[in-house]
Amino acid sequence: MNENNNFLFAIVLSLAVLIGWQYFVIGPKEAAQREALALQSANEQPLTLSSDDPLALTPTNTPRLDEAPLAAKTIALKEAPRVPIMSDQFKGSIALLGARFDDIALTQYPTSLDANAPAVTLLRPATERKNWQAQFGWQALPGAELDLPNEQSLWRLTKGTTLTPESPITLEYESKSGLIFTREISVDHDFMFTINDSVQNTSSSSVTLFPYGQITRTGRPQTSQLFVLHEGPIGWLGEDGLQELSYSDLLDDGPTKITSRGGWLGFTDKYWATAIIPPQDATVNARFVARGAAQVEDEVYKSDYLLDGQTIGAGQSAKVASQFFAGAKVVDVIDGYADQGVHRFDLLIDWGWFYFLTKPMFAALQFFYLLLGNYGLSILLVTIIIKIIFFPLASKSYVTMAKMKRVQPEMTKIREVYKDDRQAQQQALMKLYKDEKLNPLAGCLPVLLQIPVFFALYKVLFVTLDMRHQPFFGWIQDLAAPDPTSIFNLFGLIPWDPPSLLMLGIWPLLMGITMFIQMQLNPPPPDPVQAMIFKYMPIFFTFLLAGFPSGLVIYWAWNNFLSILQQSYIMHKNGAEIELLNNIGFRKKQPEETK
């Protein structure tokens, strides 16, 4: 009895921790994220940084760079000369002062479902808090007195007027050291810029220059901080593989420096990302670094790389080609860049350890979405296919359950006979299982089979942009968001917004009801404590899954419904009586009581 009490106490404590975590941690974070999205397009206060930037590029075994280029801190966006960008996916501009990428809005992605919602702003100039920008250039050896373009250098537009997929632009900067820097920038129809830099040496002496690229992000962004999703510094760097760093670890542990062949690095949010991509056959000295501040909005983070130096003789020239990704993490687009030669760029999307399940799950959902035009219907159809695939195993399990139901009277009799002798009771039950060729644990198989599939679908719904703002029917307008209804305000009839813990919508209720019915089809556990736990488990999962993406809850409810039909059919086929009402407390009338 003491063991049962301890077991029950452990379960209650676990439930309390999970519910408390959902209410006190996940709920406030989701509210903060919604508020951040709503304010994403608002103008923010200017950021003031020290002119002495301690984040100078200093990769391992490379010359120190005197000062990493930063955006000008005193010139407002509207005052700086700029070249407009117009693409299929975004609009913005490039600052001629420093030749910086610091102004991009993703026109195809509104911040919310509101009719007049602004577009997601990805890159912001340094005159705004939480700015995000990228820059490319050349650096020289320490002590070399060369006039190189920096954050205060004004480039000249020599070709083109507006950067579009059909019309690249060319910038030029002529230094006092006799060096002419030319930059041709082009953009595709998605989110990739190509930067072709060249340097012509018109001086009388040779120079050695080192190409670099960097992304600067000011202010620590709001992240979900959930284990299923990485948000923060990221990169793929040759033999060192995938790098996923947190903002806090970067501050606490100091710079991360890696030398690799090719690769890419940058920053990723849940749905958006930036990445600088050096030549894939070049030796890359990459680095992730951070600078702390009294306030998190003043912290500075950088992902940067430095290539090997190129010695340019008098009258000669040098060139380097790099790429810059800035946009939405659309699966097909990201995979396309990987296929085009950017090493493992597909890992910019966090598919997780179960890549072999999550990627095929997404492919199946996308395939049926293209046929049906609705991701919700795609989820329902994929669930049916999964049930068909696992039908043989599930059927075998349900057959075991049906047999367990038939021998239930004998099991009850054994417990009564040996109620004071636990060991004898277990021996008698094991003999019964052996004689009837039963495996009691086989009944858990359908649930165990659901877990990896459930997690794969959860991962797909949580991390892929394709599910964002995708409607189902009725009140479900975003399959990646929780069900917006709640029974505690009568599904909107009462003008009151319940706290996140009480956001118990229609689909979570349907999921809980179907889960309860399915569990009542099974024979009750012999242990009373276990029986009580199974009885209240649907209630726990109803509240727990209420905050999950509605697409996942729809899957779970639909899967439960199909399982009820399948299990009822198999039990009936095997002669096991379905005593649903009897199991939930409605005593079945005996034949003599009906006379």
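Residues numbered from 1 in each chain as written. Predicted model: local features only at pLDDT ≥ 70, side-chain atom pairs only at ≥ 80, totals over all residues. Heavy atoms only, no water.

**Some remarks on the overall build of the protein**
Move 1: If you tally the helices and strands in the protein, you get 13 helices and 19 strands.
Move 2: Counting across all 595 residues of the protein, residues that qualify as buried make up 51%.
Move 3: Excluding contacts between residues fewer than 6 apart, the proportion of contacts in the protein whose partners are at least 24 apart in sequence is 66%.
Move 4: Carbon together with sulfur atoms contributes 58% to the accessible area of the protein, which is approximately 28600 Å² in total. (Helix = DSSP H or I, 4+ residues; strand = E, 2+ residues; numbered from the N terminus. Buried < 20%, exposed > 50% of the residue type's maximum accessible area, 1.4 Å probe, protein only. Contact = heavy atoms within 4.5 Å. Areas by Shrake-Rupley, 256 points an atom, 1.4 Å probe, with all protein chains shown as cover.)

**Notes on helix H12 (residues 550–573)**
Along an α-helix, a turn takes 3.6 residues, which lines up residues three or four apart on a common side.
Move 1: A rise of 1.5 Å per residue sets the reference length of H12, with its 24 residues, at 34 Å; its end C-alpha atoms lie 35 Å apart and thus fit the reference within 8%.
Move 2: Across the 24 residues that make up H12, a large majority, 18, are buried. (Expected span 1.5 Å × (residues − 1).)

**Regarding the pattern of salt bridges**
Move 1: Going through the model one piece at a time under the given rule, you end up with twelve salt bridges.
Move 2: The salt bridge partner of Asp197 is Arg183, with a shortest N-O separation of 2.7 Å. Of this pair, Asp197 sits in strand E9 (residues 192–201) while Arg183 sits in strand E8 (residues 179–187); the two residues are 14 residues apart in sequence, bridging distant segments of the chain.
Move 3: Within the structure, one salt-bridge network assembled from shared partners comprises Arg82, Arg100 and Asp102. (Salt bridge = Lys/Arg side-chain N within 4 Å of Asp/Glu carboxyl O.)

**A few points about the environment of Ala321**
Move 1: In this structure, Ala321 sits in strand E19 (residues 317–328).
Move 2: With near-sequence residues (within four places) excluded, Ala321 lies in contact with Ile195, Asn196 and Pro279.

**Notes on the layout of surface pockets**
Regions of empty space are outlined by a rolling probe, equal in size to a water molecule, passed over the atoms.
Move 1: Each pocket or cavity is described by its volume, and for the second largest pocket that value is around 730 Å³.
Move 2: Residue lining of the second largest pocket: 31 residues in total, with Leu226, Leu229, His230, Glu231 and Asp350 positioned closest to the centre.
Move 3: Elements supplying a minimum of two residues to the lining of the second largest pocket: strand E12 (242–244), helix H2 (247–253) and helix H9 (445–463).
Move 4: Per-class residue counts for the lining of the second largest pocket are 16 nonpolar, eight polar and seven charged. (1 Å grid on protein atoms, 1.4 Å probe; cavity = no way out; pocket = protein on both sides within 12 Å on 5 of 7 lines; lining within 4 Å. Points joined across faces, edges and corners; volume = space filled by probe spheres on them. Nonpolar A, V, L, I, M, F, W, Y, C, P; charged D, E, K, R; others polar.)

**What to know about the sheet that holds strand E15 (residues 272–277)**
Move 1: Strand order in the open sheet formed by nine strands is E6-E7-E8-E9-E19-E15-E14-E11-E12, with antiparallel pairing between adjacent strands. The open sheet terminates on both sides in strands that have one partner only, identified here as strand E6 (156–159) and E12. The sheet shows a mean angle of 20° between the axes of neighbouring strands, direction not considered. (Pairing = 2+ DSSP bridges. Axes fitted to C-alpha atoms, helices over the stretch in contact; angles between N-to-C directions.)

**Examining the confidence of the model for the protein**
Move 1: Confidence along the protein averages 81 in pLDDT terms, with 80% of residues attaining 70 or more.
Move 2: Note that residues 30–77 has pLDDT below 50 and, in this model, 114 contacts with residues that lie over four places away or in other chains.
Move 3: Note on residues 589–595: pLDDT under 50 across the span, and two contacts to partners over four residues away in sequence or across chains. (pLDDT = per-residue confidence, 0-100.)

**Regarding the environment of His572**
Move 1: Position of His572 relative to the elements: it lies in helix H12.
Move 2: Sequence separation between His572 and Val399 is 173 residues; the distance between their C-alpha atoms is 9.9 Å.

**What to know about the nonpolar core**
One broad rule of soluble globular proteins: the nonpolar side chains tend to lie buried together.
Move 1: Formed by 118 residues in total, the largest nonpolar core has its most connected members in Phe101, Phe193, Leu209, Phe324, Phe325 and Phe345.
Move 2: At nine residues, H9 tops the list of elements feeding residues into this core.
Move 3: Filtering out sequence-adjacent residues up to four positions away, Phe101 remains in contact with Ile94, Leu123, Trp132, Gln133, Ala134, Phe136, Ile185, Phe193, Ile195 and Phe324.
Move 4: Formed by nine residues, the second largest nonpolar core is a distinct cluster that contains Ala428, Leu432, Tyr433 and Leu438. (Core = buried A, V, L, I, M, F, W, Y, C linked by side-chain atoms within 4.5 Å.)

**Description of helix H4 (residues 355–372)**
Move 1: Helix length check: H4 (18 residues) gives 25 Å between terminal C-alpha atoms against 26 Å at 1.5 Å per residue, within 8%.
Move 2: By the burial criterion, the buried members of H4 are Thr358, Lys359, Met361, Phe362, Leu365, Gln366 and Phe368.
Move 3: Gly373 sits one or two residues past H4 and shows a positive phi near 75°.

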